[in-house]
Amino acid sequence: MMSESFKNMDGIFRNKLRDFSQPAPDSVWDSIEQSINKQKVGKKFLIYKIAAAIAAIAVLGSVYLYLTKDQQNLNNETLIVETIKQQNTLKENAKENIVETDENIYKEEVEEIIPANEVDQRLIAKQEVSLLINNIQSEDIQKIEKRENFNKLIQKQVFITTENKEVAIVDSRDQKVKSYFNTLPDVYTSLAFDNVAEINNSKEGKWMIGGEFSPLYSYRHITKTDGAYSKDVFNSTESAVMSYTGGLNLQFEADDRLTVQAGIYYTSMGQSLDYMSVYSNAAYDMVAEEYKDRFVNPYQLENSMGDLAFNSEYVIVDEKSSRVNNLSSYKGTVDLKDPMFNNLDAEIQQSFQYVEVPVLLRYKLIDKNIDFNIIGGLGANFLIGNDVYLKYADNKEVIGKTDGVSSVNYNGTLGFGIEYPLMDRIKIRLEPSVKYYLNEINSSSSVESHPYSIGIYTGINYSF
């Protein structure tokens with residue numbers, strides 16, 4: 001029985017002590033709280049220590065990489081300077097000094113150039129320096145460019161030849177050809193790009209020779225009249241005529257857009273006198289030679305360009321006004337209904353021939369495959385012919401001249417035109433233009449008249 005009681009001893013204690021509790025002393029709880037706080041603080045300090053260690057490692061690594069890279073850049077620069085010095089030593093016996101900066105730091109000479117008369121020697125020296133620089137990484141070059149010595153090197157003038165030339169450089173160390181080149185190396189391409197564009201665009205002016213021809217619409221402009229007839233009378237009894245001009249010119253193309261032109265032209269112009277009836281007199285052909293002068297009448301015809309004075313066996317009558325004056329002492333009343341007189345249905349025309357020397361400026365507004373130009377200039381006209389024609393059927397007779405015409409006249413020209421290249425050096429040109437005489441054609445006349453002409457000039461030019 002005793003043994004069974006011991007076996008149930010655990011159960012007896014559990015039953016008896018089930019609701020028993022004893023509070024712990026306050027000192028125990030204080031100790032536990034202090035222990036927990038120490039653990040939290042320790043963890044915080046541990047995190048800070050780890051972060052500080054990582055930061056310190058990063059800073060030390062960055063400093064190490066920076067110092068190492070800077071040292072590498074310094075070594076690269078030192079290598080360049082030492083190599084250039086070695087090149088200068090090897091070229092002590094070269095023929096001439098090619099490249100020299102303001103401080104005489106860099107002097108490069110070429111021992112032998114093949115061919116020497118085709119490529120600028122200064123370009124060869126720069127080629128050798130550029131071959132050394134090509135081995136440096138682009139990021140290293142950017143840093144070195146900031147340094148004074150390297151700036152002096154790259155700021156030297158770059159000389160460029162527009163034609164590809166094959167050049168051999170003989171190395172003085174082993175007397176063997178070490179490189180061939182036709183163009184500048186890449187390291188100089190960016191440096192010389194602006195200079196290349198400037199050289200290509202600033203081409204030298206070129207000369208051209210050409211010829212032109214144009215039919216002309218020829219007439220005159222009346223500014224004032226002081227005589228018996230008004231402008232309206234002249235304008236209603238006179239009309240324009242078709243004439244022509246043509247000649248040679250020499251042109252200088254100053255730049256891509258501006259061309260200066262001078263030349264020498266033959267120009268004919270004038271006007272027609274309308275409402276003039278012209279009759280032939282059969283009696284003139286029937287009488288003996290010694291009596292023919294009795295049938296020749298001196299005439300004076302008043303018009304806007306000056307009076308016409310001539311002698312003629314024809315009978316001329318003004319159908320609209322009294323511009324015709326028969327000065328013959330034998331004149332009398334003429335019966336035009338008489339069969340002796342035959343109406344020729346003729347035209348009386350004034351004609352003036354000039355040698356023109358124009359000086360023109362031609363400005364290119366549009367520079368494409370077809371060029372569009374605006375033209376302006378002045379010209380001097382020297383009178384070489386002054387004729388009055390009687391034209392009827394297929395006949396053209398000179399019957400007189402215009403009195404008082406100025407021997408020199410000056411005109412202004414304004415026009416526009418197009419140019420089209422046929423070949424490499426040949427262009428065709430089409431230029432509508434207006435020419436206006438600045439001074440009056442006849443200063444002795446009571447009418448102030450200024451001739452003008454309108455033409456479409458067609459020509460061809462050859463560049464040389």
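Treat the numbers as computed from the prediction; the structure is a model and nothing was measured. (Residues numbered from 1 in each chain as written. Predicted model: local features only at pLDDT ≥ 70, side-chain atom pairs only at ≥ 80, totals over all residues. Heavy atoms only, no water.)

A.B. asks: Give a detailed account of the sheet that holds strand β14 (residues 341-343), specifying residues and quantitative values.
C.D. replies: Strand order in this open sheet of three strands is β12-β9-β14, and the pairing throughout is antiparallel. At either end of the open sheet lies a strand with only one pairing partner, and these are β12 (315-318) and β14. Strand-to-strand twist of the sheet, defined as the mean angle between neighbouring strand axes without regard to direction, takes the value 30 degrees. Across three bridges, strand β9 (residues 276-281) lies against β14 in antiparallel orientation. Within the sheet, the bridge partner assigned to N281 lies in β14 and is F341. (Pairing = 2+ DSSP bridges. Helix = DSSP H or I, 4+ residues; strand = E, 2+ residues; numbered from the N terminus. Axes fitted to C-alpha atoms, helices over the stretch in contact; angles between N-to-C directions.)

A.B. asks: Can you explain the nonpolar core? Please cite residues and give values.
C.D. replies: Judged by nonpolar contacts, the single largest core of 20 residues is most densely connected at V278, L301, I316, I348 and L390. Going through the elements one at a time, β9, β10 (297-301), β11 (308-312), β12 and β16 (371-392) are the ones with two or more residues in this core. Residues in contact with V278, not counting those within four places in the same chain, are Y314, V315, I316, N342, N343, L344, D345, A346, I348 and L390. (Core = buried A, V, L, I, M, F, W, Y, C linked by side-chain atoms within 4.5 Å. Buried < 20%, exposed > 50% of the residue type's maximum accessible area, 1.4 Å probe, protein only. Contact = heavy atoms within 4.5 Å.)

A.B. asks: Give me the packing of aromatic side chains: which residues, what numbers.
C.D. replies: All told, the structure shown has eight aromatic pairs when counted by the stated rule. On the basis of an interplanar angle of 70 degrees and a centroid distance of 6.5 Å, the ring pair of Y219 and Y452 is categorised as edge-to-face. Separated by 233 residues along the polypeptide, Y219 in strand β6 (residues 206-225) and Y452 in strand β20 (residues 447-463) bring together distant segments of the chain. On the basis of relative accessibility, which here comes to 11%, the residue Y219 falls in the buried class. Considering the side-chain rings of Y244 and Y266, the 5.9 Å spacing of their centres and the 35 degrees angle between planes classify their relative orientation as tilted. Residue Y244 is found in strand β7 (residues 238-253), and its partner Y266 is found in strand β8 (residues 258-273); the two are separated by 22 residues along the sequence. Assessed through its relative accessible area of 39%, Y244 is described here as partly exposed. Through a chain of ring-to-ring contacts, the aromatic side chains of F213, Y244 and Y266 assemble into a single cluster. The side chain of K292 reaches across the aromatic face of Y284, ending 4.5 Å from its centre. The ring of Y265 has K435 sitting right over it, with the charged end atom 5.7 Å from the ring centre. (Phe/Tyr/Trp six-rings, centres within 6.5 Å; stacked < 30°, edge-to-face > 60°. Lys NZ or Arg CZ within 6 Å of the ring centre and 35° of its normal.)

A.B. asks: Talk me through unusual backbone geometry; I want residue IDs and the actual numbers.
C.D. replies: The backbone of Y275 shows a phi angle near 60 degrees, a positive value even though the residue is not glycine. Note that Y275 resides in the loop between β8 and β9. By relative accessible area, Y275 is classed as partly exposed at 41%.

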